[in-house]
Amino acid sequence: MYEIVEKREEVPNIHRLIIREPNVAKKAKPGQFVILMPDEKGERIPMSIVETKKDTFTIFMLELGITTGKIANMHAGEQLYAVAGPLGRPAEIEYYGTVLLGGGCYGIGAIYPLAKALKAKGNRIVTIIEARSKYLIYLEEKLRAVSDEFYIATSDGSRGTNGHVQTVLDRLIKNGHRFDHAKFIGCTYMMMNCSNITAPYRIPTRVALNTIMLDGSGMCGCCRVSVGGKIKFACVDGPEFDGHQVDWAELMKRKAAYQEAEMISYQTSPHICRALIESYFGESDE
Amino acid sequence: MNEQPPAIRVKNFEEVPFGLTPEQARLEASRCLQCKRPKCVEGCPVQVQIPDFIALIAEGKFVEAACKIKETNVLPAVCGRVCPQETQCEATCILGRRHEPVAIGYLERFCADFERLGGHVELPKKAKPNGKKVAIVGSGPSGLTVAGDLALLGYQVTIFEAFHKGGGVLVYGIPEFRLPKEIVEKEIHYLERLGVEIKYNHVIGKCKTINELLTRDGFDALFIGVGAGLPRFMNIPGENLNGVYSANEYLTRSNLMKAYLFPDYNTPVIKGSKVIVVGGGNVAMDCARTALRLGANKVTLVYRRAREQMPARAEEVHHAEEEGIIFKLLANPVKIIGDEQGNVCRVKCQNYTLGEPDASGRRRPIPIENSFFELEADLVIIAIGNNANPLIPQSTKEIKTNKWGNIITDPIGRTSMKRVYAAGDIVTGAATVISAMGGGRLAAKAIHFDLMGVSDPMITTACQLPKEDE
C-alpha cells in the first residue's frame, strides 16, 4: 500500500498529493507518469509526476469523475491501493536555446519539472499558463522561479491576458519572439491549438498526450494514437509526441469513448454521494 | 460431466462445467488401464505422473492424488481447467485408441478442487535455505512455476509483478467463467506460504532494471516470465475507432478490472449489442463468450481459416457454439467503418479459401478477389495474437532477441545474459499455460544447476544459444 503523505486542494478541484513510493521517487525523470488506483474497485489512471523528494513524489490531480473523486476524498495518512511507475519515456530535455512552455489546468503543474530541467540545461525559459479564472492559478511562484519570462492568460480576463496560452503565444511570436523548442501540457484541445500556432513557424513542438490508459506498460493498446500516420502507444512510445504529427481529431474522439459510462459511474457512486452528504451535513455516525 | 445449460450460463460468469462428483471421479479413474509405459505422461508438457494420481483417486485418496500432481505441476486446479488435454495427455491415452480416453483433465480438476475446498492444503517439505536469492519478473504461469520449484529447493524467491494482482494471463486473460480468480488467488497464497515474496506494481525495466536487480539488489539469478504482452492489430483502416479493442484490453477490463461488475467496479467496458470477434484461438473464444455474458444480442466470430484449423481448445469451441456464437469462417475484415462520432458501426470483410500449407503446417488462407460482404457491429475485438512486450529488451541491451522481439534462449532457458533465464510466451510467442509452465520448470532446473551445481538429466552443461538467424 502507498501512503498519501500530504494532501491539499490547491485551487478548486486541483489537488496536490505527496505520495510515498521510493522506486518512483528514485527513478522518475521529467515527463514520466504513474498509474494509480484508489482502491481495489477503482480504475487505473495516469498522473504526471511533478516533483520527487527523498522517498516521495508529488502529483497535481484534477478532480473530474469517479476515480479522481475517490482520491480527492481521501486524507493524508490513508493508503492508495496501487501505484506503479515511473512509466513512459522521459521528456526530451536538451539545450535548445529559447524554450516556450505552455501549461493549462493540471498541465500548470506538469510543466514545472520540464521547466526546471530545461533551465538547468541552460535554456532561456518562456512560460505561459492558462486558467479559466484567476482563482484557478497555482504553482505560480515556483514556475516564475525557473522562468525567464512568465505570462498568465485567463478566459474571463480576471488576470493577465484575456484568452488562452495560444493567445499570448500568437502575440509573442508576432512581436518578434523566436523560439527554438516548445512543449505544451494541458487538455487536448489546448495542446492542439497551440501546436497549430507553432506549426507555420516550424517551431519543434512536443505535447504530453493524456489518453485513456489501462495497464500503462504497453500490453493493451488502449492509449493508441496516430502520430505521423503510424500507431503509437502513449504509455510506452510517449507520452511526449511531436504535436505537429498527432491526429488530433481521432484523439479527441477516442478520449470521449466512455462519456456515458463516466456519467453512470459518477451518479451511482455511493462514495461520492456520501462525500457530498458529509460536506453538507458533517461526518455521519455510520 | 454436468454443465450449466447454454441459455442460463450466457447470463452469468460462473463456471460452465460443474465438476465431477466423488462417485463419478472414482468410476472414471477405474477406467484407467494403469499402463506399464504410460503414453499419457509422454503427452504432458510437465510429465505429471498421471497413472499414479489416477490410481489414488480410484482408491478414494483424493487429497493424496492432488499432492501427487503437485510434485510436477504446481497449478493443478488451473491446468485441469485450461490445458488442451485433447492434444496432450488425452490424445496419447491408450484407451482413446478404441474408446473415449480417460478424462484426465476432469480428474485433475476434481482432486485439486477437492483439496482446495477441503480447506487445508498441505505444504510439501522444503529444503533448508541455501542462501541464494532469485528474482522472477512476472507472476504468470511460468513465473509461478519457477517460484514454486525454487522455493522448495531452498531458494529465497521474490516475484516482481507489474499489475496490482498476480497470475498474469491467468487473471487478466482467462475469464472468470473458465478460471475463477479465487483459484488463482489461492494458488498464489500457497506460494506465499512456501515463503515466496511477491511485489506488486513493480514494472521491471521502469522502476528497476535487470542490471540493478542482479548487482545492487544482490539477486544471484533472474528469471524473465513477462509473457507476450504486446497486442497485435490488423493495420486496416478504422482500427482506431471507438468500440475497437485489442483482445488484451477487452479481457483485462473484464477479467482483471472486473468491468462485468460495472458500476460497482469502476472500470467500464463497451458492451456491444452486435459484436464481431476476429480470430480463432482461445483468446477469441474468451472474448466472444464474454461479450455474450455482457449482454450482446449477436456475437460473430470471423476467422480466416476453416473450423479444423482453429487453434482454440475443443471444449471452448464446443461451448461457444452451444451458447449461440455465430462462426463466420474463411473470412477476414479488410476495413472497419465508423459514424461521425468516431464509433464503429460496420465491418467490411473478404471471403477466403484454403491453399497450400504454410510454415505452421496449416493450409494457407487465400483471399478471394472481389468477394466482400459487410457485417453490422458496435463492438469489434481483434484477437489475432500477441507479440513480445518490448519493455525488458529495451532496458537491457545484453539480452538478445529475435526479429520479432522474443528472447533467445538455449533449450533450457538460459539467455544471452549471464545469470538471466527466460521461458513462456516471451520466448516462444503466444502459446499455452502448460507450455509456459514446462519452460519454467526447465529454467528452474537450469538455475539450480548453474548456481548450486545440482545436475538433472535434462540439463546441458554448456550454453548453446541458437544462431541469430534461426
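Analysis parameters
- Chains are numbered independently. Their residues run from 1 in the order of the written sequence.
- Think of it this way: whatever chain is written first is A, whatever ligand is written first is 1, and the rest follow in order.
- Residues qualify for local features only when their pLDDT is at least 70, as the model is predicted, and side-chain atom pairs are given and counted only at 80 or more; totals for whole chains, interfaces and linings, by contrast, use all residues.
- Our exposure labels follow a C-beta count within 10 Å of each residue's own C-beta, placed from the backbone: buried means 20 or more other C-beta atoms, exposed means 12 or fewer, and partly exposed covers the counts in between.
- For helices the rule is a DSSP run of H or I covering at least 4 residues; for strands it is a run of E covering at least 2, with both sets numbered from the N terminus onward.
- Any two residues are considered in contact once their C-beta atoms, placed from the backbone, lie within 7 Å.
- Asp, Glu, Lys and Arg are counted as charged, while Ala, Val, Leu, Ile, Met, Phe, Trp, Tyr, Cys and Pro are counted as nonpolar; the rest, among them Gly, fall into the polar class.
- Domain limits in this description derive from either an automatic procedure or a database domain assignment.
- Two strands make a pair as long as DSSP finds a minimum of two bridges between them.
- Per-residue confidence from the predictor is reported as pLDDT, a score between 0 and 100.
- In this description, a line fitted to the C-alpha atoms serves as the axis of each element, helices being fitted only across the stretch in contact, and the angle between N-to-C directions of two axes falls anywhere from 0 to 180 degrees.
- Buried Ala, Val, Leu, Ile, Met, Phe, Trp, Tyr and Cys residues form a nonpolar core when they are connected through C-beta atoms within 7 Å.
- Multiplying 1.5 Å by the residue count of a helix minus one yields the expected span of that helix.
- The directions considered for the arc run from the helix axis to the C-beta atoms.

Student: Help me out: how do you make sense of helix H13 (residues 247-256) of chain B in this one?
Tutor: Side chains of residues three or four places apart in an α-helix project in the same direction, reflecting 3.6 residues per turn. Residues and elements named next belong to chain B. Of all 10 residues making up H13, 10 are buried, and the element is well covered by its neighbours. Regarding H13, the residues found buried are Ala247, Asn248, Glu249, Tyr250, Leu251, Thr252, Arg253, Ser254, Asn255 and Leu256. Tucked inside the fold, the buried residues of H13 contact helix H10 (169-172), strand S5 (230-231), strand S6 (244-246), helix H14 (282-293), strand S13 (379-382) and strand S14 (386-387). Lys258, located one to two residues past H13, shows a positive phi value of around 55°.

Student: Would you mind showing me how to read the interface of chain B and chain A here?
Tutor: In many reports, interface size means the accessible area that the parts give up when they come together. Listed per partner, the contact involves 29 residues of chain B and 37 residues of chain A. The element that contributes the greatest number of residues to the side of chain B that touches chain A is H13 of chain B, accounting for four residues. Its residues assigned to classes, the side of chain B that touches chain A shows 11 nonpolar, 13 polar and five charged.

Student: Would you take a moment to explain the domain arrangement of chain B for this structure?
Tutor: Residues and elements named next belong to chain B. Here chain B is described as being made up of domain 1 (6-117), domain 2 (133-229 + 387-452) and domain 3 (233-384). Put simply, the middle of domain 1 and the middle of domain 2, counted by C-alpha atoms, are 26 Å apart. Each side of the interface is counted separately: domain 1 has 17 residues, and domain 2 has 21 residues. Here the element with the most residues in the side of domain 1 that touches domain 2 is helix H6 (residues 76-82); it accounts for five residues. A class-by-class count of the residues in the side of domain 1 that touches domain 2 yields 12 nonpolar, one polar and four charged.

Student: Explain the domain arrangement of chain A here, please?
Tutor: All names here are of chain A. By domain assignment, chain A separates into domain 1 (2-87) and domain 2 (98-255). Domain 1 and domain 2 are separated by 21 Å when their C-alpha centres are compared. Those elements that place two or more of their residues in the side of domain 1 that touches domain 2 are strand S1 (2-11), strand S3 (33-37), strand S4 (45-48), strand S6 (56-62) and strand S8 (82-87). With three residues, the single largest contributor to the side of domain 1 that touches domain 2 is S6.

Student: How should I be thinking about the pairing of S3 of chain A in this particular structure?
Tutor: Successive residues of a regular strand alternate their side chains across the two faces of the sheet. Residues and elements named next belong to chain A. Of all five residues making up S3, five are buried, and the element is well covered by its neighbours. For S3 and S4, the ladder comprises four bridges, and the chain directions are antiparallel. Note on S4: the bridge partner recorded for Val34 is Met47. Here S3 pairs with S8 via four bridges, running antiparallel. Each bridged residue has a counterpart across the sheet, and for Leu36 the counterpart in S8 is Val83.

Student: How do you make sense of the confidence of the model for chain B when you look at a structure like this?
Tutor: Low pLDDT means the predicted atomic positions in that stretch should not be read closely. Looking at chain B as a whole, its pLDDT mean stands at 92, while 97% of the residues score no less than 70. Taken over the whole predicted complex, pTM reads 0.93, whereas the ipTM for its chain interfaces reads 0.93.

Student: Looking at this structure, how should I read the environment of Asn240 of chain B?
Tutor: Structurally, the position occupied by Asn240 of chain B is in the loop between S5 and S6. Distance from Asn240 of chain B to Gly342 of chain B, taken between C-alpha atoms, is 8.7 Å for residues 102 residues apart in sequence. With near-sequence residues (within four places) excluded, Asn240 of chain B lies in contact with Arg224, Ser226, Glu250 and Arg254 of chain A.

Student: Got a minute to help me understand the sheet that holds strand S10 (residues 124-131) of chain A in this structure?
Tutor: Each strand in a sheet pairs with its neighbour through backbone hydrogen bonds, running either in the same direction (parallel) or in the opposite one (antiparallel). Residues and elements named next belong to chain A. Taken together, the seven strands give an open sheet; going across it, the order is S12-S11-S10-S9-S13-S14-S17, and neighbouring strands pair in mixed fashion. Unpaired on one side and paired on the other, strand S12 (161-162) and strand S17 (240-242) mark the two borders of the sheet. Note: strand S9 (residues 98-104) against S10, seven bridges, orientation parallel. Along S10, the bridge assignment pairs Gly104 with Glu130. Against the sheet, helix H3 (residues 107-120) touches S9, S10, strand S13 (181-185) and strand S14 (205-208), its axis set at about 165° to S9. Against the sheet, helix H6 (residues 188-198) makes contact with S9, S10, S13 and S14, and its axis sits at roughly 165° relative to S13, the strand it touches most.

Student: Even after reading the chapter, I still don't get the nonpolar core, so can you show me in this structure?
Tutor: Note on soluble globular proteins: their nonpolar side chains tend to be buried together. Counting residues in hydrophobic clusters, the biggest one holds 228 residues, and the most contacted among them are Phe223, Ile224, Val277, Cys287, Ala288 and Ile381 of chain B. Of the residues forming this core, the biggest block, nine residues, is contributed by helix H18 (residues 433-452) of chain B.

Student: Any chance you could explain the sheet that holds strand S5 (residues 51-53) of chain A here in plain terms?
Tutor: Residue and element names in this part refer to chain A. Overall, antiparallel pairing links the five strands, which are arranged S5-S6-S2-S1-S7 in an open sheet. Only two strands of the sheet have a single partner each, and these edge strands are S5 and strand S7 (79-80). Examined bridge by bridge, S5 and S6 share three bridges and lie antiparallel to one another. Opposite Lys53, over in S6, you have Thr56 as the bridge partner.

Student: What is the right way to read helix H11 (residues 181-193) of chain B from this model?
Tutor: All names here are of chain B. When the terminal C-alpha atoms of H11 are compared, their 18 Å separation across 13 residues agrees well with the 18 Å that a helix rising 1.5 Å per residue should span. Every buried residue belonging to H11 is among Ile183, Val184, Glu187, Ile188 and Leu191, and all of these are buried. The buried residues of H11 occupy an angular sector of 135° when the element is viewed end-on, so they sit on one face. The outward face of H11, more than 90 degrees from its buried face, is lined by the exposed residues Glu182, His189 and Arg193. Summarising the contacts, the buried residues of H11 are in contact with H6, helix H9 (141-152), H10 and strand S3 (197-199). With its phi angle positive at about 105°, Gly195 sits one or two positions after the end of H11.

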